[in-house]
Amino acid sequence: MAFPEGFLWGGATAANQCEGAWDVDGRGPAETDMLTGGTVNTPRMLTYRMPDGTEGAVPQWEGVPEGGRLAVLDGYLYPNHDAIDFYHHYKEDIALFAEMGFKQYRMSISWSRIYPTGIEDEPNQAGLDFYRNVFLELQKYGIEPLVTMWHFDTPNYIEEELGGWENHDTIALFDKYARTILTEYKGLVKNWLTFNEINNTIAFIEMGHPTDEKYRAAYQHLHNKFVASAHAVKMAHEIDPAYKVGCMICGIANYPLTPDPDDILANRYQWEKNIFYCGDVQCKGKYPTFAKRLWNEHGVELEITEQDLADLAEGPVDFYTFSYYMSNAVTTHQTDDQVGGNFVMGAKNPYLTYSDWGWALDPKGLRYYLELIYDRYEKPIMVVENGLGAFDELVEGEDGQMTVHDDYRIDYLREHVKEMEIAIEDGVDLVGYTTWGCIDLVSAGTGEMRKRYGFIYVDKNDDGTGTMARYKKDSFAWYKKVIASNGADIA
């Protein structure tokens, strides 16, 4: 059996996509609270209000007009406000995770639930209590939490009034937040992640209208997060030597579409810009040699201090985690066969099939990514997001209970588990696997509920209606079997 004893099987969610209770018990707003719903072909919109009272909405990658402020407006649906109401259902949901046999549950803490604006001197006690109760519930079932400190939810006050992560001063505010939760949950949490899919800061620019100015802002944004991450690693080790802290990268395996040397080189540069740049800084504690080329492409001159460089050197992460859903084909040639799904762009790979949302279904890409990354960093690895977003139909099962016959999801996950096993046999130190959206939640990309990933169906619709009732899908029993056998029985 390839999977090692103690392998951390489980599932993953994010606070802003599952908790709901967006303005309950003192939580402050984050940008995700002002995001409307969308679809695979229509973007989620950010709603705003101008000083003169004019209201409007813009695609989430564009940013509001100068002088505008994000606002919740009448006439729009905001899926994250209620999400699946994990805030009030966490005991029920964790009991279901335990029934599946989870060893680990990846979740995030909402920064604005702890510090509503980010600048308070004292944390919000109700927020601290909520997460403590969640951790105690997980502990009751022997499930290890894997906690992400930041998952797309900087307090909105920091974003709008202080300049967000482009402002070097935001590092100190994150330091305060990190120290608070690292101290508060000592003994309840062992493994932490600093920033979710940190590399998307660059990738998201290219989904809108990229300019040199936007790239310059993005690289500064990233630098400040790198320093904050390094601070959190060092802080964690000082607070509790048992703490382990990892990075989290949006992992996309890139292939050249053709053997043209220009495609080969373009593919290498894609890996460097979108994958290795962030991984190198967080795993090695220094900027890679190719960083200068990336900066020169857009005239980037970082606001960076000698202390920043020293901090980066002192704060490399202990382990590497990543999400994996798809691969990407890179070419310098014009092609009519393009991918058009959400969060996806570029050429279609003729050797692969694609999901309803335009994502390449490529289990071997996961093995390729694992082996490439482990060879580069030689740190323990976890796959902390992987899954298939699909249309699910709730039907009555043979036992009279409502369920979903999701063989397509089982097939997807089975093939990825096979490739992980091969990677382990090939020497990769893979220690954990948490499937994305182990319970249905709001899609980050489209704001939809119908793009479902979970083993547990939640009765919630795109229009906000539904009972919030939970139902086990066929994949629930399948994953329970996989975990119980430590990956030996995946039939």
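These lines cover the structure that appears in this document, whether it is placed above or below. (Residues numbered from 1 in each chain as written. Predicted model: local features only at pLDDT ≥ 70, side-chain atom pairs only at ≥ 80, totals over all residues. Heavy atoms only, no water.)

## Considerations on the overall build of the protein
Thought 1: Along the protein, the regular secondary structure elements total 14 helices and 17 strands.
Thought 2: Relative to the 2.2 N^0.38 estimate, which gives 23 Å for 491 residues, the radius of gyration of the protein is 21 Å and therefore close to what a compact globule would have.
Thought 3: Considered along the principal axes of its C-alpha atoms, the protein spans approximately 60 × 55 × 50 Å.
Thought 4: With an accessible surface of roughly 19,200 Å², the protein has 49% of that area assigned to carbon and sulfur atoms.
Thought 5: The protein carries 42 positive and 78 negative side-chain charges, and their two centres are separated by 4 Å. (Helix = DSSP H or I, 4+ residues; strand = E, 2+ residues; numbered from the N terminus. Rg over C-alpha atoms; globule rule 2.2 N^0.38 Å. Areas by Shrake-Rupley, 256 points an atom, 1.4 Å probe, with all protein chains shown as cover. Lys, Arg positive; Asp, Glu negative; His and termini not counted. Charge placed at Lys NZ, Arg CZ, Asp CG, Glu CD.)

## Some remarks on the environment of Asn296
Thought 1: Within the secondary structure, Asn296 sits in helix H10 (residues 291-296).
Thought 2: Residues Asn296 and Tyr369 lie 73 residues apart in sequence; the distance between their C-alpha atoms is 28 Å.

## Quick notes on the sheet that holds strand E3 (residues 55-59)
Thought 1: Strand order in the open sheet formed by three strands is E3-E2-E4, and the pairing between neighbours is antiparallel. Looking at the sheet topology across the chains shown, the edges are occupied by E3 and strand E4 (69-70).
Thought 2: For strand E2 (residues 45-49) and E4, the ladder comprises two bridges, and the chain directions are antiparallel. What sits directly across from Tyr48, in E4, is Leu70. (Pairing = 2+ DSSP bridges.)

## Some points on the packing of helix H8 (residues 212-239) against helix H11 (residues 306-314)
Thought 1: Running from N to C, H8 and H11 cross one another at 50 degrees; their axes reach a closest spacing of 8 Å. It follows from the interaxial angle that H8 and H11 lie oblique. Remark: the crossing between H8 and H11 carries left-handed chirality. Contacts between H8 and H11 involve His223, Phe226, Val227, Ala230, His231 and Lys234 from the first element and Asp308, Asp311, Leu312 and Glu314 from the second. (Axes fitted to C-alpha atoms, helices over the stretch in contact; angles between N-to-C directions. Parallel < 35°, antiparallel > 145°, perpendicular 65-115°, else oblique. Left-handed = near helix turned anticlockwise from the far one by under 90°. Contact = heavy atoms within 4.5 Å.)

## So, the packing of aromatic side chains
Thought 1: Across all of its chains, the model carries 43 aromatic pairs by this definition.
Thought 2: With a centroid separation of 5.5 Å and an interplanar angle of 25 degrees, the aromatic rings of Tyr320 and Tyr377 are classed as stacked. Highlighted residues: Tyr320 in strand E9 (residues 319-330) and Tyr377 in helix H12 (residues 363-377), separated in sequence by 57 residues. Comparing Tyr320 with Tyr377, the two get one shared label, buried.
Thought 3: Positioned above the aromatic ring of Phe130, the side-chain terminus of Arg113 is 5.7 Å from the ring centre.
Thought 4: When the ring centre of Trp359 is taken as reference, the NZ or CZ atom of Lys451 above it lies at 4.0 Å. (Phe/Tyr/Trp six-rings, centres within 6.5 Å; stacked < 30°, edge-to-face > 60°. Buried < 20%, exposed > 50% of the residue type's maximum accessible area, 1.4 Å probe, protein only. Lys NZ or Arg CZ within 6 Å of the ring centre and 35° of its normal.)

## Digging into the pairing of strand E15 (residues 430-436)
Thought 1: In terms of burial, E15 is a largely internal element, six of the seven residues being buried.
Thought 2: When strand E1 (residues 8-12) meets E15, the two strands line up parallel, connected through five bridges. Bridge pairing in E15 places Gly11 opposite Thr435.
Thought 3: As judged from the three bridges shared by strand E12 (residues 381-385) and E15, these two strands associate in the parallel manner. Among the inter-strand pairings, Met382 is bridged to a residue of E15, identified as Gly432.

## As for the packing of H12 against helix H13 (residues 407-425)
Thought 1: The contact between H12 and H13 brings their axes to 8 Å, and the two run at 30 degrees. Relative to H13, H12 is oriented roughly parallel. For the pair H12 and H13, the sense of crossing is right-handed. Where H12 approaches H13, its residues Pro363, Lys364, Leu366, Arg367, Leu370 and Glu371 are matched on the opposing element by Glu415, His416, Glu419, Met420, Ile422 and Ala423.
Thought 2: The residue makeup of the contact of H12 with H13, split by class, is six nonpolar, one polar and five charged. (Nonpolar A, V, L, I, M, F, W, Y, C, P; charged D, E, K, R; others polar.)

## As for a negative patch on the surface
Thought 1: There is a patch of like negative charges on the surface, built from Glu31, Glu159, Glu166 and Glu213.
Thought 2: Here Glu166 shows up in the loop between helix H5 (156-161) and helix H6 (170-184).
Thought 3: A relative accessible area of 45% means that Glu166 is categorised as partly exposed. (Patch = residues over 30% accessible without salt bridge, like charges linked within 9 Å, V, L, I, M, F, W, Y side chains within 5 Å. Salt bridge = Lys/Arg side-chain N within 4 Å of Asp/Glu carboxyl O.)

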